[in-house]
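Results of the structural survey
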Amino acid sequence: MNIPLHISVASHTRFHMFDLADQLVRLKQDVRLYTGYPRWKIQSGLRAFATTHPLLTLVQAGLQRIGFQDKRTRIADFVLRDFGHWLGQVIKRCDILDVISGCGLEGGRWIQQEDGAWVCNRGSSHILFQKTNLEEEHTRWGAPLPYFSQRGIERELTEYHEADAIAVPSEFAKRTFIEQGIQPEKIFKLPYGVDLSLFAPKPKQDSKFRVLFVGSFSIRKGIGYLFEAMKPLVEKGHAELWLIGKPEPAANKILARYKDIFTDMGAHPRKHLADLYSQGSVLVLPSVEEGLALVQIQAMACGVPVIATYNTGAEDLFEDGKEGFIVPPREPIAIKELIERLICNPELQRGMAKAALNRVKFMGGWDTYGKKCLAMYRKVLSCKWGHTDCCRAHIDPGPKIPNSN
């Protein structure tokens, strides 16, 4: 029987890291959470055992209000560095530190000095791939270039080099690391889960063929290519387009140019998204770069097929031609033709919808993600310590989070 590990999970904001911490608690591990997220927004099962950055919580709240909490801005760059310095000062000894990329350098180094292991948790592609890709895309659309500080890039590259392991959510993201010279055995692919208690099919209220886009209305997520694909279909009355989320300033000109072809449904909390997903016929995500877009799994769990690019992590979620379609990035004509194919063949759309729903049931939720992460920790520690008994009983684990089951 494996002895519980002492695990620290750290992230300046929520991302997928709170779901990870929650699952590790359910797996009866000894967990600490370090975050810049406001304490009152942390779920009750973790709140009492979370350590929060006293100043960063205020900055974080402000970033959330303007929609920049996970965007590439000078403020966000400062947040990552400041959180990393703070983490290095307050973190306690543990077996594993699993920390979001960009803010693990100080804490990771200290944990390694104390004979623990450090996992760099990267939710996107390799930062050099991301930088090149996004700069090219913003230039293509005549938008201001995204902010990448040289200091931030160097910091992240150092993390990739020094961490004991790198966790990524998709085969696409893993490929970008290997292409940049990272050894494959250092990279662990761990696809995210979905909360099946929140996402399930609801009755569709009409018979309209409706294309959904869920996420930030951004150049990164290929919003311009979506509009190019949808414009003739909407103008001919063959389909309608709903955007669910918030616009990013860099895409404002694109949004204004195509304002007549979509309905802006606004941003909604996760608990309300299933109602909106269920009114769609297909979700389209033409992103040019992201690690693994959770909206794909959420849509599939609501019985909605997906059209997405390879750069969304789609190939880890569904089979091309069965639960949806996977296309190369920057291919609006291909997207248009596939949407037309679904419009002209309702049986195909219904079959894909059913297949998407069935696929999600066998993929597992966040509990599967938590188990895979725990297996990664034990493997990393086994390699580091030279044995499989991955626990150091002499470490004071601090206060324990009670099992939530």
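Remember, it's a predicted structure, so these values are computed and weren't measured experimentally.

What counts, and where the lines are drawn
Residues numbered from 1 in each chain as written. Predicted model: local features only at pLDDT ≥ 70, side-chain atom pairs only at ≥ 80, totals over all residues. Heavy atoms only, no water. Helix = DSSP H or I, 4+ residues; strand = E, 2+ residues; numbered from the N terminus. Buried < 20%, exposed > 50% of the residue type's maximum accessible area, 1.4 Å probe, protein only. Contact = heavy atoms within 4.5 Å. Areas by Shrake-Rupley, 256 points an atom, 1.4 Å probe, with all protein chains shown as cover. Lys, Arg positive; Asp, Glu negative; His and termini not counted. Charge placed at Lys NZ, Arg CZ, Asp CG, Glu CD. Salt bridge = Lys/Arg side-chain N within 4 Å of Asp/Glu carboxyl O. Arc of directions from axis to C-beta. Pairing = 2+ DSSP bridges. Axes fitted to C-alpha atoms, helices over the stretch in contact; angles between N-to-C directions. Phe/Tyr/Trp six-rings, centres within 6.5 Å; stacked < 30°, edge-to-face > 60°. Parallel < 35°, antiparallel > 145°, perpendicular 65-115°, else oblique. Nonpolar A, V, L, I, M, F, W, Y, C, P; charged D, E, K, R; others polar.

In this section: the overall build of the protein chain. Counting secondary structure elements, the protein chain contains 15 helices and 13 strands. Seen through its principal axes, the protein chain has C-alpha atoms that stretch 70 × 45 × 40 Å. In the protein chain, which comprises 405 residues, the share counted as buried stands at 57%. In the protein chain, the share of contacts with a sequence separation of at least 24, taken over all contacts with a separation of at least 6, comes to 66%. When the accessible surface of the protein chain is summed, it comes to about 17100 Å², and 52% of that surface belongs to carbon and sulfur atoms. Taken as two groups, the 53 positive and 45 negative side-chain charges of the protein chain have centres that lie 4 Å from each other.

We now examine the pattern of salt bridges. As enumerated under the stated definition, the model contains 23 salt bridges in all. A salt bridge links Arg-175 to Glu-315, with the nearest nitrogen and oxygen atoms 3.0 Å apart. Placement of the pair is Arg-175 in helix H8 (residues 171–179) and Glu-315 in the loop between strand S12 (306–309) and strand S13 (324–327), with a sequence separation of 140 residues. Classification of Glu-315 by relative accessible area gives partly exposed; the value is 30%. The salt bridge partner of Glu-235 is Lys-231, with a shortest N-O separation of 2.4 Å.

The next subject is helix H11 (residues 270–277). Of the residues making up H11, those classed as buried are Leu-273, Ala-274, Leu-276 and Tyr-277. For H11, the arc enclosing every buried residue in end-on projection is 165 degrees, short of the 170-degree limit, so these residues lie on one face. Turning to H11, the residues buried within the fold contact strand S8 (210–214), strand S9 (240–244), strand S10 (263–266), strand S11 (282–285) and helix H12 (294–301).

Turning to the sheet that holds strand S4 (residues 96–100), a few remarks are in order. Across the sheet, which stays open at both edges, the seven strands sit in the order S3-S2-S1-S4-S5-S6-S7 with parallel pairing between neighbours. Two strands close off the open sheet at either side, each with one partner strand: strand S3 (50–52) and strand S7 (187–189). Across the sheet, the mean angle from the axis of one strand to that of its neighbour is 20 degrees, orientation sign disregarded. Bridging between strand S1 (residues 6–11) and S4 involves four bridges; their strand directions are parallel. Within S4, the position partnered with Val-9 by the bridge is Asp-98. Packed onto the sheet, helix H4 (residues 74–90) meets S1, strand S2 (30–35), S3 and S4 and runs at close to 140 degrees relative to S2. In the packing of helix H15 (residues 366–385) onto the sheet, contacts are made with S1, S4, strand S5 (117–121), strand S6 (165–168) and S7, and the angle to S5 comes to roughly 140 degrees.

On to the packing of aromatic side chains, then. Taken as a whole and judged by the stated rule, the model has 13 aromatic pairs. Each ring, one from Phe-227 and one from Phe-262, has its centre 5.2 Å from the other, and the planes form 10 degrees; the classification is stacked. Residue Phe-227 is located in helix H9 (residues 223–235), and its partner Phe-262 is located in the loop between helix H10 (252–257) and S10; the two are separated by 35 residues in the primary sequence. Overall, the relative accessible area of 16% leaves Phe-262 in the buried class. Ring-pair connections join several aromatic residues into one group, and the members of that group are Tyr-34, Phe-83 and Trp-86.

Glancing now at the packing of helix H1 (residues 17–26) against H15. Here H1 crosses H15 at 80 degrees, and the two axes come no closer than 9 Å. Classified by the angle their axes make, H1 and H15 are roughly perpendicular. On H15, the residues touching Asp-19, Leu-20, Gln-23 and Leu-24 of H1 are Trp-366, Asp-367, Tyr-369, Gly-370, Cys-373, Leu-374 and Tyr-377. Per-class residue counts for the contact of H1 with H15 are seven nonpolar, two polar and two charged.

Among the ten residues in H1, nine count as buried, and that is most of the element. For H1, every residue scored as buried is listed here: Met-17, Phe-18, Asp-19, Leu-20, Ala-21, Asp-22, Gln-23, Leu-24 and Val-25. Taken from the residues just after H1, Lys-28 is the one with a positive phi, measuring 65 degrees.

A separate point is the environment of Pro-4. Position of Pro-4 relative to the elements: it lies in the segment before S1. Pro-4 sits 379 residues away from Cys-383 along the chain, and the two C-alpha atoms are 18 Å apart.

Okay, the environment of Gly-364 next. Inspection of the secondary structure assignment puts Gly-364 in the loop between helix H14 (346–363) and H15. Assessed through its relative accessible area of 22%, Gly-364 is described here as partly exposed. Along the sequence, Gly-364 and Asp-195 sit 169 residues apart, while their C-alpha atoms lie 9.2 Å from each other. Not counting residues within four places of it along the chain, the set of residues in contact with Gly-364 comprises Gly-193 and Val-194.

Each strand in a sheet pairs with its neighbour through backbone hydrogen bonds, running either in the same direction (parallel) or in the opposite one (antiparallel). Here six strands make up an open sheet; going across it, the order is S10-S9-S8-S11-S12-S13 and the pairing parallel. A strand with exactly one partner marks an edge of an open sheet, and here the two such strands are S10 and S13. On average, each strand axis in the sheet is inclined to that of its neighbour by 25 degrees, with strand direction left out of account. Bridge count between S11 and S12: three bridges; the pairing is parallel. From the neighbouring strand, Leu-283 faces S12, where its bridge partner is Val-306.

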